[in-house]
Every structure is written in structure tokens, then in C-alpha cells.
Amino acid sequence: MEFEFVIPELRAELLRGGRVKQYTVAELLSPALLRAPLDEFQSVFRTQGPLAILDHFDVLYGVLCHFKSLDASLQEQTLDLVMKVVSQHSSILPSVLGSSPPAPLLRQQHLNTLKMGCYLLTQLVEAFEERGARMQTLNLAAGGKARRPKASSLSVDWETDRVSSLQHLTQLLQLDLWPLGPPDAALTRIVTRCCYRLLESPAVVHVKNKPVREAVAHLLALMIKRYNHMLGATLNIIQLLQHFEHVAPALVHIVSIWANEYGLKTIVGEILREIRLTVDNSGGSETLGVRAIAAFLSELAEEIPTAILPNVSLILDLLNKESAALRSGVLCCLSHMVCRSLSGPGLDADSRRLRDAFLDLLSQHLHDSNALVRSRALQLLTAVVRGKALPLKRFQPLVTLATGRLCDKAVNVCKNAVNLLAAILANNPFCGRLSIDELSLSHQKELKKLLVLRAERGTVPGVPLTPREEWEAILPELLPALQATLEDGETEEQEGETETEGETAVRGEIGDTPQALCEEVRTLLKAARYRQASLLALEGLSSFPDAFPFRTPTSDPQDGEGVTDDETTLLRILQACLRGAGTEQEEEGDSKVPEPEVDEGTSELARQEVLVQYLHDTLTFGEAIQSAIEIIGKLLASKNPSVVQDAIHFFVSIAEFDVPGSMAGMKQMLPLVCSKEPGVREAVVDAYRQLYLNPNGKRPKPLVLVQNLTALIFDASVERIKCLEELVSEFVRQQEVEGSVIQLLWERFTGKVAVTADERRAAVILLGMAARGEAEIVGSNLETLFTVGLGPRAGENYQLARDVCMTIGKITHTKKGLPGQREASFRLPSDHPLFSSISTAITEGFSTPSLGWRPFAEAALSLVYRLAETPDRLSGRLLVQCSRLLLSPHPVSASSPPGSPQSNGTTGQVPSHLLANLVCLVGHVALQQVVHLEQSVAPEMQRRRLEREQRSSKQRTANTSKRGSVSAMEEELGLVEGSVEDTEADLVRRICDGELLEEGQLLAAFVPLVVRLCSNPGAYEDCDLATISCLALCKLTFVSYDFCERNLRLLFTLLEKSPTPTIRCNTMVALGDLCFRFPNLLEPWSPSLYSRLRDPSRSVRRTALIVMTHLILRDMVKVKGQISEIAVLLVDEDEEISLLARSFFNELSCKGNAVYNLLPDIISRLSDAECGIEEEPFHAVMRLTFGYITKDRQTESLVEKLCQRFRTATLDRQYRDLAFCLGLLPASERGLRKIQDNFDCISDKLQQDYVYQQFQNLVGRLRRALRPELKVLVDEFEQRISRCHSRGLDEGDSIDVKPAQPPKAVGKGTAGKKMSSTAVVSATPRVGRRNKPRRKVCVDFSSDEDDDEDDEDAAVMDCDTPVLSPIRRSGQRRGPRARK
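It should be emphasised that the depicted structure is a prediction, and the values quoted were computed from it without experimental measurement. (Residues numbered from 1 in each chain as written. Predicted model: local features only at pLDDT ≥ 70, side-chain atom pairs only at ≥ 80, totals over all residues. Heavy atoms only, no water.)

A.B. asks: Whenever I open this one, the side chain of R1064 confuses me. Can you help?
C.D. replies: Mapped onto the fold, R1064 is located in helix α45 (residues 1061-1077). Note on R1064: relative accessible area 8%, which makes it buried. The residues contacting R1064, other than those within four sequence positions of it, are L1054, L1055, S1058, P1059, R1092, D1095, S1097 and V1100. (Helix = DSSP H or I, 4+ residues; strand = E, 2+ residues; numbered from the N terminus. Buried < 20%, exposed > 50% of the residue type's maximum accessible area, 1.4 Å probe, protein only. Contact = heavy atoms within 4.5 Å.)

In C-alpha cells form, the structure reads like this:
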């Protein structure tokens, strides 16, 4: 049986005859006939061993050909047999081959067995792998998810057998098979193809398939080392990366095994070279293969950076490719090499230069054009910092670069920049605390010591030069002098210079020895007297030819080009003299500096210089970190929650390092505890928990915790105090605050611990915050609170007394439940000592001109209404007592202005502060009475009613009447409860409107006084009295609809005419609240509210903007043309107002098409000559507002409206503004067609240079934005505007120009009067005879959107405000239903 088995390219080739003695399959058995021959082969294999395959190959070949149609048991039986054949063959081959070559026949038999076994096993592995992929696909199609098929009793674990098959092949092929013949290329092909087919499966990257990857790696490594497969492996890896993106991690694992276990590091260079060629051929664009290559490079550098480092030049050019993923992958390689191979103290000079080059590339790509690359570069630099691989000198420049990326437009770039700064701070090599003040003081102190040491040692501050550096510095000036000396041939006289007698004498004295002459030459060189030094060197050369350093040395070509032998000799002598060597043994290389004698003083000086340099570097680093704090603080207001969370973590880091500004950042993040984002709120809570409750993983001492919390309260706004209250109450509720902390707070408040007044106040405030979480903290010590805080010494610190009242009020802070589930409110009897203390403190302080008394009195009255059972009686008695104190005789003092009102006809003048105190009490009592009725009395009435109904419902019988059934239906529909609630609300309204301020009531007695004080501000010189009176009037208007209607004119007069900004601010806030309480009454006065947006006072503009923002966003004020006043604030000189205006438009843009509908009106008003703004601010406002136009349909509609607006415009300024607005819209095909359709509106305006230039800019943007096939439209449009600009209209461009409207109809006439009337608020709207209004010209800017409400808002009517007076006479009365 002599034949040769040739591994076929195609399976069918074995059925066809080949060359002589080539094996051919005799008969291909059908699937039904394979069982018996296969069993026969199994029995023969037991007796004959692996050579039995030579006679039964046809059976196994038949199984391979009919694999898909065979039973699973037959498939698995065949695989098991072939694996056994290969395994046994690998066991017996070493003994067959032995030391002597086998017989030719035996050699051929074993060679055929080897080829047949490898061929069958690799083909079966591919077949089983294909079967598994097909079954997975069918399961996915059937059930949506891959479901593992049920395993039969004959099933084999293919995952295990797959690994076993590869191991058997490895065991067989690793034998020395040269005695059987040279390596067969076909054998290599089928084995490696099987391995690469396995890698094509997506499941190969799973963790459970790690043995498969390792088996493939070992088999392929064997083929590379013994079967010359390196080139094939390289090409196959590139092909796999190009077609299968998932294969990159598996290939990295395989290549790392080759490099580490088999020493095949050269293949890494081949792979990188092939990657470079592949990317160059593809152009480097973003494709599937390029992304896979980028991932492969990144992970490969992480696994084997030492193998990539020698070949890194092959991939550096990839940084210039178009693909962002490829650039990111290469940057990953650089960072891994820096962290793994180029870090540590033992680097040589070349490694340091390479490391610096890599870090330079990473830093440069922080400014990459792609945001993903910038973000990735920041992440990699963060990894370098955390890996302790960043050199010391690069910390400060990296902080500067990262700070610059904080303002990046991409959110991920900002996030990673913050993370990089946090990593730099956490891993900085300087110190654990970066307090700038302490570092600055230490640096100045040590610098003074250094200057003293330098003065003592006689050293000059500066960096000393080495002998080589000093020689290189003087050489350019020394060479010309040396050449001139040699040319002249002079040895004793100097050309152009006359040697002094002293110099000659010195030369004569020291010229006896070569050492003395050398020292003289060195001195002359130091003094830059190069001609004299050259002459002395020549004398030494002639006098001491055999002594060092004047003997003739050998020349060195490094001294310079074109240097003669004489010059070389003299240069050597001069350099030796400059070095100061005195003996031949000291002659060394130029790079070695002779070590000076180090004494104790020199050592101390060196240590001091190192210390000063360290402090300087640390101070510079701290200042660089501090410069980033302000920018990161702005990121706390970002809309992206992840950016906010990263900024919070950064502030936690700088707080741990005690960087200045950390406390400000912690206070700035405090309002975020009320954020709607759960992640942000949780991050803030965790940050404060980490810094205050668990610093450095340890619980702080009670005193430290109290001091830290007290620092947060100092100088904190009301908003931040409330947010801190949320935090502290949360910590107390979670029982994270120890009882010793609460005890210390009580000791501070009661004075058992010596503290300042501010610290006592902070202790009371913190106790109130804790009471929010556990009311018993304050409830159990109520007597202590009012005894200490409201006792006889309350007048010494009214701020503390006010805080005590607010803290006591926290014991009633409970969550509101459903109407049927409310509990009775907590109330104290009216004769409780608390209220006696409050009354005493208020009356005793009434006559004192203390600034803290009024806030305390307001807080005390609020506490009375919150806790007392009959607060109206207590407050009434207080008003009576204070009125009597006011009417009692008072001496005239300097504090009483001459214009103060008389208390009566005989008692003289009343001090203004007493009158202001009384008015303050009146206003606050009135407001608290309304709050008490609406929030306490009405809910209590409802609770009692529900209790009565529940008791009565239990007594009802099952058979209810018809009325009962109807009531049940109404109750189910929610009609009964609503009607009853309306009844109780109407009752409260009737009390407020008809009783509280009517004659016979206590408050009514003070109303004329308050109105008189506000109506005659010129009669009273005390500004404080005017402010308090205005505030009291505002509070009184909340009580009654009729009173508000009668005095509304007075409030708006104060809003406009008052010279005090505080009064205008208070009135604006009160009117905003009145819009919620009496919306119909305030609606006609909306223009007066808008007019305060142009108030000259910054505080009034800010207050007006906040109020109007709330009113507009809550739909309490209809958005009219005055919205342009808010748009003007976008460019306000005050940054805070500008940010508030932007925040308003951000919120408004979320409400459908609101900004789009209002934009034409904003343009119209702001471009008006009389009431608009200058062009530069107009441009800035338009850039911001047009940023909210994002829909294509909105853009097209605006293009048409702006073109139509050219017809009604009458001024050149309006033409320019409209052209500028058109230039802000995105360039699109539809927009261009709209302009073409309305070209007759703009053609005559193109003669102006500015308008023409704007349209030229539009043409440029259209060329860049539109498709090439639409460039014809752009060219046509450009030609039309060019003709109109140069010559006017062509004959063919006939347009129908409508006559312009008279200027008074749109500009200076009606519209001008309208804007002037709204800009300055009149005390009384126009009332009286109504003339027939003229018809005004109206420009309709209605929206094309489907929202009817938006369409209504889009209409811009250039008409006057309706001449209807919002003021009703005081005698008119309205019913409750009419006042809603």
C-alpha cells in the first residue's frame, strides 16, 4: 500500500484523481451506510492503532462530507475517534522516529497518517464550530435571546472538546517531524486556518473561552517558530481586525503570549508595520477596521509595552490620520509605555527624552480638533498622574493645560479635565496641605535665610555654570582674539592695548611656576581679557614646554572646524587654565566637573537652596490649582449631572488639601442639596458627610464638627442656611450626629462654654436645623431656649433672640398629609411663659433704636401665630401696648428728624424709630393674620368637619336615600370635597375682605397712618421710616381685595417715583406676590412691572428680573412685547443679571415655541430708533436669542418674516439689523428658496454696503453647507444680489414695491408713544373721555406651528395699550365671585 496523501485545497479534490500514487477516495458512502463502517473502524483502531486510518479514511471522509445531515451522536463519535487517532499518533511517533531514520515505507505511512489525522481533525473542528453558530442563530430568531439547547445523553461538551482538539494538534506538531520530510505548506495552511476560524466567533472573547484563546495562541506560536508562519500570522491578524471588530482583545491576548512565553517579540514590529501600511492604503478614515486596529493597539500596549517601545516610530505617523479612534489608540499606546516602561528613578537620558516626547504628544492632543480625542488625552494623562509616572517639572504646566480645557464645549472634556485636576491634586509630590498663605510665609522666611547664607559665603545668587558651559560661553569671543594674536606674532606687546606697569610687574612675580602662570591666565579669561590671556599662554608654551598644562597635547577634532594646530594647542592650554587644573593627574574629560571641597557652610547653603526651591515650586503649584477653582465653581451650575458630580468631587479633594477657596466651593455647592437630580443631591450629601462627619475615615471630635459647621453658617445667605438645614436634618434623621455634638451645642448656647456672640447664634441655628430631623431636641429643652434667649438679657442681642424664635418654631415643622389624615396642630396655651417672655422682650425693646429689634419682632410675631391658641388676641395686646409707648411723652433727640409727625397736639414730636417700629408691627400682624386664617384656621376647620362626617357616616344605615346615592356619586367624582373646600376658602376670603380692615377692627385704626406715611414721603426725612412704611403698606394690601384696589395706584407710584432703591425692590417683590393673589387686578399694570427692568439701579433690575421670571414661567403674566426688556438684560453690564436673563430664556425655550413666537417682536422693538438699543448690544442679544431656534420649520418661517419686515422698515438702522438677523439663521436649501421667493422685499435695500456684505456672508455659508448639485442656485442668488448692489434693478427684475407707511404709523407716532408710556410708569393710567381710537398699522408675526396658543403669542401688534383704567373707585364693591 504505497500512496501519498496530499492535503487538498478543496474537499472535492480527494474524489478526483491526481498524479501517480496520490491518494483518492474510492467511494463516497451515503449517510445511511456510515454507521456500520464507522463501528468497524473503531474496532480495527483498537487493535492496529492510528495506522488504521489509512484503510478507513473514506468512511471518515464520508462523515465529513455529510456532516450537516448526520445524527449528532454519529458526529460526536467521529470527532472522538479522530482525536484518539491524533493523540495516539503523537505518542508513538517519537519511538518510531528514534535515533535512526525509519524505512521508506514506514516513513510514508506515518506521514500519511499525520496528514490525514490533522486534515480530518481541523475539518471537524470547523464543522462543529459552524454547527454551533448555526444553532445559536436559530435560537435567536426563534426566541429573541440565545437559549441553550437541551443536551442529549450522547451530547459532548463542545467547549471542552474544542480545547482538547487544539491541544492534540499542538502535541503532535511540536514533535521533531523532519525525519518524515520537510514541513508541508498545506499542513500549515489547514492548521492555521482552523485557528483563525475559531477566532472569528464573537464568543471567543468571553471569559469562559480563555482556554480556547490560549490553546489557539500556543498552536499558532508553534506554527510560527517551526513552520515559518510569521508572515502569514501577521497578514491574518490584520485581516481579522479589518473584518471583525470583536476580535481585538482576543488577538491582544494571543500576541502577548507569543511575546512573553515564546520570545516572538519581532512579530510585534511586523504587525505594527503592516498596520501602518493598511491604514495608509485606506486613507485613515473612520471605518470598522480602523476602530478595531485602534482598540488592538491600545490593549496591546497595555499588555506588552516593552515590545512596542522599539517599534513605536511605526505608529507615530498615525496621529496625523483622520480617524479619531486611531489617534486615541496611538495615544493610549504612548501613555501605557510611559506608565509601564518609562517611569521610575532609574531611567537613562535616552529614556527620559523619549518619555518627555510622549508626554508632549499627549499634551498637544489636549487641543485636538475632535472632542473624543481631547477627552481621551485627558483620561490618559490622568492615568499617568495616578501611576506616579509624571515628572515633577510637568505638574504645573499640566495644571495650566487642564484648566484651559475646563471651558471646552464638549461635556466629556470638561468632566475629564476636572478629574485630571483632582488626580493631580491627590498625587502631587509637594505636600499634603496647600495653604497659600502658609506656604508664602514659609517661602519668604526661608528665602531670607538663604540670602543671609549667601552673603556670609560671598556667593552671588544665580545658577553656577559648569566649566564646560563656561568654556562654551566664552569661546565665540575668544577665537577672534586668539587668531589676531597669532597673526600679529606679538608676544610682549598688544595691538591697540597698552599693558600697564602693574600688570607687567604681576606677570614677573607669578611667572616663575607653571601653576602661577596658569592661575593668571584663568583670571584674565574670567575678566574677558582674551588677548592678554592668549599672550600669557604663548609665553607659558615657550617657557614651560614640558609642564602641564603648557605641553603640546594631541589635537581633538571636536574643538571646531577649520582650526589650525597652533590654535588647537592654545585652546587646549586656555581651557585647562580655565578649568583650574594644577597637576597632570587632574586632567579629565570636559564633562566631568572637579568636586569642590565641601565644608559645613557649603552644605548648609546647598540644603537651604533646595528648601527654597521646593517651597517655590509648591507655592506655584498651589496658585495654579487655585486659579482653576473659580472655573470649576461655574461648572456646579452645569445642566449635565455628571459634570456637576465631578466638580463636587474636586471640591472635596481641595478641601482635604486645605486649598484656599475650598470653603467657598463647599458653600457654593450647598444649594445643590435641593437639586431635582438624585445623583447630584446624593453627591452633595456624601461630600459633606465625608468632609464633616467622616474626615480621613475617622469620626471627628464634637468640638471640631461644631466648629466646621459654624464656619459654614458665618456670612451665609438665607438660601444656603436653608440648604444646610436640609443636610443637618438628614444627618440627624439618619442618626449620624452623636448626642455629644448636640450637648456641646446646648453648652455653647447657654454659656457654659466660653464662645463669642456669633458662635452662640450659630449654636442656636444648628439646634434648629437638628430639630427638623428630631423635634424632641428642641421640644424637651423649650424652657431653656426662651429663658436664656428671650429673658431679661434679650435686649443685648436681638439677633440671638430672633434665632431663638425661629428655632422654637421648628418643633411644629411636620409634613402635610391628606385632608382626611391631618392631625391637630401643636399649640400652646396663650398664658404659656413663652408668650410672656416674647411680649416683654418686644415691649422693652420698642423704644430702643436698635437695628435688630424689627427682625426679632417679626420672628416673634410669626412664632406667636404658629404656636399660640389665640394669636390674634396676643398680637392685639402687643399693638395696644406699643401704641401707648408711642403716645407717651418723649424728649426731642437728634435721632428725631424735624419733619417727624406729631403724636398729638401737645406732646411734641415722636422719634421716627418709634413710628417705624409701630408700623413694622402693624404690617407684620396683618400679614400673619392672613397666613394664620388661610394655613391654620381653614385646614383646622376642614379637619374638624371631616371628623364629624366620619362619625356621622358610621351611624348611617345601609339603605340610603336617593339624595344619599347622589352624594355618594358626587363624592366619588370628587365634587363634594372641592365644594366644601371652596366654602371654607370663601369664608376666609370674606373675613379678610370684610372684617380685618373694616371700621371697628384694631388694624383699621393704623391703616390711615400707614397710608399717610407712604403718600407723603417728602414730609419725612427718615429713609428708614419710608422703607418700613412702604413694606407695611404692601403687607396690608395682601389682606383685602378692596384695600389693594384702592392703594394699588400708590404702590405703582412708589415703584416708579421713589428715590430709594430698597423701596423699589420691596415694592416690586410685593407686586409680584400680588399677581398671584389678585391676578385680574394686577394684569393691566403689567407694562409698569416690565419697565423696572430698565431701572438705573442694579439691585432693582435684578429684583425685577427675578420677579418677572417667576411670573412669566408660571403663566401669571401674559408674555407681551415687553419681553424685549428681558432680552436687553442678556448684555447687562452686571454679570449676575446677564446670567439670570440667560437662565430665563433657557427655561422659556423649554415651553414649546415660546422663544420663536416672541423673536420677531424682540427684533422689532430692539431695532426701534427711539426705544431700542445700540447696534453692538443688539448684535449680542440676537446671537444669544437665535441660538434657541433649532427647528428647520422655524428657521424657514423666520426667513420669510424677516424678508417681509424689510417692506415695513423705514430706517437704515432697521435694514442693517434685519440683514444681520438673516445672517444668523442656519444656511439651508429651503431658506435660500424662501429668500428667492421674497427677493423683491430686499432688492432695493442691497445698495447699502452693510446689507450687501451680510448677504455675501450668507452666500459663503450656503456654498459650504449645500450639496454640490445645488451650487447653481447659490450662483444665481449671488448674481442677483451683485446686480442689485452695483446697478440697482435689472430690467427683468421688476418688483412691485408698495408705498412705505408713514413714519408716524409705525415709528415715531403711535409706537413711539407706546414705548415711552411703558418705559416710564405713570402713577395713574389714562382715564376719562375716550376718543375713537385710530386704526394702527399691525405687522402679524404669527407662528406657523400647530399650537394655537403660540400662534396667538406670535402676533405683534404695534398698538397702544387699551385706554382702560386699572384703578377702580374706592366706593365700588365687588362680590367674592367677581374678584377671582
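A.B. asks: Quick question: what am I supposed to make of unusual backbone geometry here?
C.D. replies: Trans peptide bonds make up most of the peptide bonds, and negative phi angles are found at most residues other than glycine. Here N228, not a glycine, exhibits a phi torsion of approximately 60 degrees, which is positive. Since its relative accessible area comes to 72%, N228 is described here as exposed. Phi at D1115 takes a positive value of approximately 60 degrees, unusual for a residue other than glycine. Tracing the chain through its elements places D1115 in the loop between α48 (1098-1113) and α49 (1123-1128).

A.B. asks: Would you mind showing me how to read the pattern of salt bridges here?
C.D. replies: When the charged atoms of two side chains lie near each other, side chains of opposite charge can form a pair. According to the stated counting rule, one finds 56 salt bridges in the structure shown. The salt bridge partner of D356 is R355, with a shortest N-O separation of 3.4 Å. Judged by its relative accessible area of 15%, D356 falls in the buried class. Close ionic contact of E1200 with K1234 constitutes a salt bridge, the shortest N to O distance being 3.4 Å. Taken together, the residues E1200 in helix α53 (residues 1192-1208) and K1234 in helix α55 (residues 1229-1237) connect sequence positions 34 residues apart. Residue E1200 is classed as partly exposed on the basis of its relative accessible area, which comes to 30%. (Salt bridge = Lys/Arg side-chain N within 4 Å of Asp/Glu carboxyl O.)

A.B. asks: What exactly am I supposed to notice about the packing of helix α31 (residues 739-750) against helix α34 (residues 782-789) here?
C.D. replies: Geometry of a packed helix pair, given as the angle between the helix axes and the separation of the axes. In the contact formed by α31 and α34, the axes pass within 10 Å of each other and the chain directions differ by 30 degrees. In terms of orientation, α31 lies roughly parallel with respect to α34. Across the interface between the two elements, W746, F749 and T750 from α31 touch T784, L785, V788 and G789 from α34. For the contact of α31 with α34, the residue count by class is four nonpolar, three polar and no charged. (Axes fitted to C-alpha atoms, helices over the stretch in contact; angles between N-to-C directions. Parallel < 35°, antiparallel > 145°, perpendicular 65-115°, else oblique. Nonpolar A, V, L, I, M, F, W, Y, C, P; charged D, E, K, R; others polar.)

A.B. asks: Whenever I open this one, the state of the cysteines confuses me. Can you help?
C.D. replies: Covalent bonding between the sulfur atoms of two cysteines is what defines a disulfide. Tallying each qualifying case throughout the model produces zero disulfides. Cysteine C333 shares no disulfide, and the gap to the nearest cysteine sulfur, in C332, comes to 7.1 Å. (Disulfide = S-S within 2.5 Å.)

A.B. asks: Mind showing me how you'd approach the layout of surface pockets here?
C.D. replies: If a probe the size of a water molecule is rolled over the atoms, the empty space left behind becomes visible. Its volume calculated, the second largest pocket comes out at about 2,400 Å³. In this structure, the second largest pocket is lined by 42 residues; those nearest its centre are L636, A637, L1139, L1140 and S1143. For the lining of the second largest pocket, the elements supplying multiple residues, two or more each, are α25 (600-635), α26 (641-656), α30 (718-733), α48 and α50 (1135-1149). A class-by-class count of the residues in the lining of the second largest pocket yields 20 nonpolar, nine polar and 13 charged. (1 Å grid on protein atoms, 1.4 Å probe; cavity = no way out; pocket = protein on both sides within 12 Å on 5 of 7 lines; lining within 4 Å. Points joined across faces, edges and corners; volume = space filled by probe spheres on them.)

A.B. asks: What am I meant to see in empty space enclosed by the protein here?
C.D. replies: Scanning the entire structure with this criterion turns up eight cavities of 30 Å³ or more. Here the largest cavity is characterised by a volume of approximately 140 Å³. Forming the walls of the largest cavity are 15 residues, and the residues nearest its centre are L705, L709, V728, V737 and L766. Here the lining of the largest cavity gets four residues from one element, more than from any other, and that element is α30.

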